[in-house]
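Structural overview
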Amino acid sequence: MSRAPLVAILVCLGAIGAPGSALGAGVRTGPDGPATGDGQWMMPSKDYAATRYSALEQITVGNARSLHPVWTFSTGVLGGHEGQPLVVGDTMYVVTPWPNVLYAFDLTTEGYPLRWKYRPDVSSNAIGVSCCDVVNRGAFYADGKIVYNLLDGHTVAVDASSGRELWKTQIADVGDGETTTMAPLVVKDRVIVGASGGEFGIYGWVKGLDLASGRIVWTARNVGPDAQMLARTGEFKPPYVSGADLGAGSWAGDSWRTGGAPVWGWVSYDPELDLIYYGTGNASPYNPEQRLGDNKWSASVLARRPEDGTLVWAYQFTPHDNWDYDAAGAMILADLSVAGKLTRALVHFDKNGFAYTLDRATGRLLVAAPFAPVTWAKSVDLATGRPVLDPSKQTGASRGNVRGVCPSLEGGVSPSSPAAYSPRTHLFYTSTNNLCMDYAAVHASRLKGTPFMGVTSPYFAGPGGYLGTFMAWDAATGRKVWENKEPFPTWSGALVTAGDVAFYGTLDGWFKWVDAKTGKLLSKFKVGSGVVGNPITYRGPDGRQYVAVYAGIGGDWALLAGDVRSDDPTDVRPPPDYMKNIARHTSQGGMIWIFGL
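Reading guide: rules and limits
Residues numbered from 1 in each chain as written. Predicted model: local features only at pLDDT ≥ 70, side-chain atom pairs only at ≥ 80, totals over all residues. Heavy atoms only, no water. Helix = DSSP H or I, 4+ residues; strand = E, 2+ residues; numbered from the N terminus. Buried < 20%, exposed > 50% of the residue type's maximum accessible area, 1.4 Å probe, protein only. Areas by Shrake-Rupley, 256 points an atom, 1.4 Å probe, with all protein chains shown as cover. Salt bridge = Lys/Arg side-chain N within 4 Å of Asp/Glu carboxyl O. Pairing = 2+ DSSP bridges. Axes fitted to C-alpha atoms, helices over the stretch in contact; angles between N-to-C directions. Phe/Tyr/Trp six-rings, centres within 6.5 Å; stacked < 30°, edge-to-face > 60°. Core = buried A, V, L, I, M, F, W, Y, C linked by side-chain atoms within 4.5 Å. Polar contact = N/O pair within 3.5 Å; in protein donor to acceptor, adjacent residues only side chain to side chain. Disulfide = S-S within 2.5 Å. pLDDT = per-residue confidence, 0-100. Contact = heavy atoms within 4.5 Å.

Turning next to the overall build of the chain. In terms of regular secondary structure, the chain is built from 5 helices and 40 strands. Summarising its shape, the C-alpha atoms of the chain cover approximately 65 × 55 × 50 Å along the three principal directions. Counting over 597 residues, the chain shows a buried share of 66%. Only carbon and sulfur atoms are counted for the fraction: they give 51% of the accessible area of the chain, which is about 18,500 Å².

As structure tokens, this is what we get:
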């Protein structure tokens, strides 16, 4: 998990389409099911392929200028409102940051009154262990249940009709530095969950729970010996390396035991291959000289069987991560024509600044190209799958202050900002950051439940001076099609629809919608607080299409923005030099907005 704000405080004070069979198969959601309910939004990324694409088409390029707010609600919580609402039938479900309140709104009645509110008991001890704000990335609907994670290391299932708690399972250990901010994924009768904590030197894992009872069925480590990783002989076949215990032997000594590799982002699933895909976070500590070797499988994508956790393949984006380049971001599944061959592809925009197109059956690399300014590597070798490094940008305590590393450890894109894919335009849409850094690593000592980092890494604007963009990308060729520059880092997720409209939010509090083919701005609305959440769209009980989004600056920016919380007399920190005027445009908030024609 990349988390420079914590560093600052501690140290510095041609595509074919998405695979249709991946849309909702295997989730028991009632008589209609997600495959026939495109007007709903029942899982974090809209579908198992993680496309964040909706086939709704009432809102078009021609009429999108008429979109306007039709309803708002304050969640009662100040903090980073990451994630997204769910819409199931005629109910909208909203999860807040800590204390992780779950709201259910009646969409059939004027004013969308509450049907019920679930207020879990969430320990405040988790606040001090949470690296970078007390965020929550959303819930999942399955089998009449709303399933989501609580910050203090629990997963809960709540009856979707009544708000009654059905089960609650402890999955993580706050005392060891683990918190749970990710959105779960439900596949058949398995709930897939993971934990944050790369900054605390946790021993990263992913777990499969039983949907009916919450019982932990399997636990798989992301690094370490094969037995603990569930990497079984004859079944684990990584595309570029072979041998036993790669997840331990690629670490100096037993440094893998505190090696990080958390899972705090997004999970996707291919029902035909019966594989889940997820990314792992940074290696710990930030001083790479304390963990020599490739450090597999940190900063990687792993493919597993959801039923029992068996590891099938893994690919490492950033071997021996020198710069906190997590790979926890979305893994989007689409069938692409790459070099004239139709391929079952996985597309990932990595923090390290490269966009990757992989064969999702084998993990072999097909395309890798930079989508943001990159100085740490010159390219990625398709034959070996490895980056071609720039020796002058390698870091470590013995190297002192390494200057001019791009991207910064906020990433060319934040893993918190999932991209979207349209099978109509054959393009991927994502927020990006244009930030570089200087990186000075120091020796770090680990004390359980405290930061295990060892770095000072001030940021500065990348080439051109702007700090973010929203862009369209052709993953079959590794080509940027268009981009809209933004004055601040862009941190929201993307949404794209069959009306060829793409949606995103900005850190200075604008919600924008653009022509998905050209990037032309169609309209925008000031939502009061910076947007770090992910827009969704749905069909209301009245048959009309709506768009919803959270407003509430936070995540890393709760620590970096400065002077955005007036009820906290200690929040008088000046914003960082590279965005001194952010507090002129936004304060912390907590609102859900709904827009309609």
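What follows continues from the structure just given.
What follows concerns the pattern of salt bridges. Per the stated rule, a full pass over the model turns up 22 salt bridges. With a shortest N-O distance of 3.0 Å, K46 and D38 are connected by a salt bridge. Its relative accessible area of 10% is what places K46 among the buried residues. A salt bridge links K351 to D326, with the shortest nitrogen-to-oxygen separation between them at 2.7 Å. Of this pair, K351 sits in the loop between β21 (341-349) and β22 (354-359) while D326 sits in the loop between β19 (311-316) and β20 (332-338); the two residues are 25 residues apart in sequence, bridging distant segments of the chain. With a relative accessible area of 1%, K351 lands in the buried category. Put simply, D90, D106 and R115 are held in one network by salt bridges that share partners.

Right, let's get into the sheet that holds strand β6 (residues 102-106). Ordered in space as β4-β5-β6-β7, the 4 strands form an open sheet in which the pairing is antiparallel. The outermost strands of the open sheet, each flanked by one partner alone, are β4 (86-88) and β7 (114-118). Taken over all neighbouring pairs, the strand axes of this sheet differ in orientation by 20° on average, direction set aside. The pairing of β6 with β7 spans 4 bridges and is antiparallel. Within β7, the residue paired with F105 across the bridge is L114.

Strand pairing in a sheet relies on backbone hydrogen bonds. The paired strands run either parallel or antiparallel. What the 4 strands build is an open sheet, ordered β12-β13-β14-β15; its pairing is antiparallel. One side of each edge strand has no neighbouring strand; the edge strands of this open sheet are β12 (185-187) and β15 (216-221). Direction aside, the axes of adjacent strands within the sheet are offset by 25° on average. The pairing of strand β14 (residues 205-210) with β15 spans 5 bridges and is classified as antiparallel. Looking at the pairing, V206 lines up with A220 of β15.

With that settled, the discussion passes to the packing of aromatic side chains. Evaluation of the coordinates by the stated rule reveals 38 aromatic pairs. Pairing F503 with W513 gives two aromatic rings, centres 6.2 Å apart and planes at 35°, and the pair type is tilted. In this pair, F503 sits in strand β35 (residues 501-505) while W513 sits in strand β36 (residues 510-515), placing the two residues 10 residues apart along the sequence. You can call W513 buried: its relative accessible area is 1%.

Counting residues in each nonpolar core, the largest one holds 60 residues, and the members touching the most others are M92 and Y148. Here this core gets 6 residues from one element, more than from any other, and that element is strand β39 (residues 545-551). Among the nonpolar cores identified, the runner-up in size contains 48 residues, and W323, A327, L365 and W557 belong to it.

Buried residues dominate β39, accounting for 7 of its 7 residues. Judged by which residues are buried, β39 turns out to be covered on both faces: Q545, V547, V549 and A551 on one side and Y546, A548 and Y550 on the other are all buried. Here 4 bridges tie strand β38 (residues 536-539) to β39, and the two strands are oriented antiparallel to one another. The residue bridging Y538 from the neighbouring strand is Y546, located in β39. Where β38 folds back onto β39 in an antiparallel hairpin, the turn is made up of 5 residues, including G543, whose phi is positive at roughly 85°.

Turning next to the side chain of R137. Position of R137 among the secondary structure elements: in the loop between α2 (125-129) and β8 (140-142). Owing to a relative accessible area of 2%, R137 belongs among the buried residues under this scheme. At a separation of 2.9 Å, a polar atom in the side chain of R137 contacts the side chain of E82.

Throughout this description, disulfide means a covalent bond between two cysteine sulfur atoms. Within this structure, the stated rule accounts for 2 disulfides. Linked covalently through their sulfurs, C131 and C132 form a disulfide whose S-S length is 2.1 Å. For the pair C131 and C132, a shared accessibility class is recorded, and that class is buried. Here C406 pairs with C436 through a disulfide, and the sulfurs are 2.0 Å apart. Measuring handedness by torsion sign, the sulfur bridge of C406 and C436 sits at about 105° and is right-handed. Separated by 30 residues along the polypeptide, C406 in the loop between β26 (401-405) and β27 (420-422) and C436 in strand β29 (residues 435-441) bring together distant segments of the chain. Of the two residues examined, C406 and C436, each falls in the buried class.

The next point concerns the environment of D133. Take D133: it is sitting in the loop between α2 and β8. Separated by 35 residues in the primary sequence, D133 and W98 place their C-alpha atoms 9.0 Å from one another. One polar contact links the side chain of D133 to the main-chain amide nitrogen of G80, over a distance of 2.7 Å.

Right, let's talk about unusual backbone geometry for a bit. Residue P99 follows W98 across a cis peptide bond; omega there is 15°. Examined against the element boundaries, P99 turns out to sit in the loop between β5 (91-95) and β6. A cis amide bond links C406 with the next residue in sequence, P407, at an omega value of -5°. Residue A299 is not a glycine yet carries a positive backbone phi of 50°. Its location among the elements puts A299 in the loop between β17 (275-279) and β18 (300-304).

With that settled, the discussion passes to the side chain of T469. Among the secondary structure elements, T469 is positioned in strand β32 (residues 468-474). A polar side-chain atom of T469 sits 2.5 Å from a polar atom in the side chain of T432.

Bringing the confidence of the model for the chain into the picture now. Averaged over every residue, the pLDDT of the chain is 92; the share at 70 or more is 92%. Segment residues 1-16: pLDDT under 50, and 75 contacts once partners within four positions in sequence are set aside and those in other chains are kept. Every residue in residues 20-36 scores below 50 in pLDDT, and together they form 38 contacts with partners more than four places removed in sequence or on other chains.

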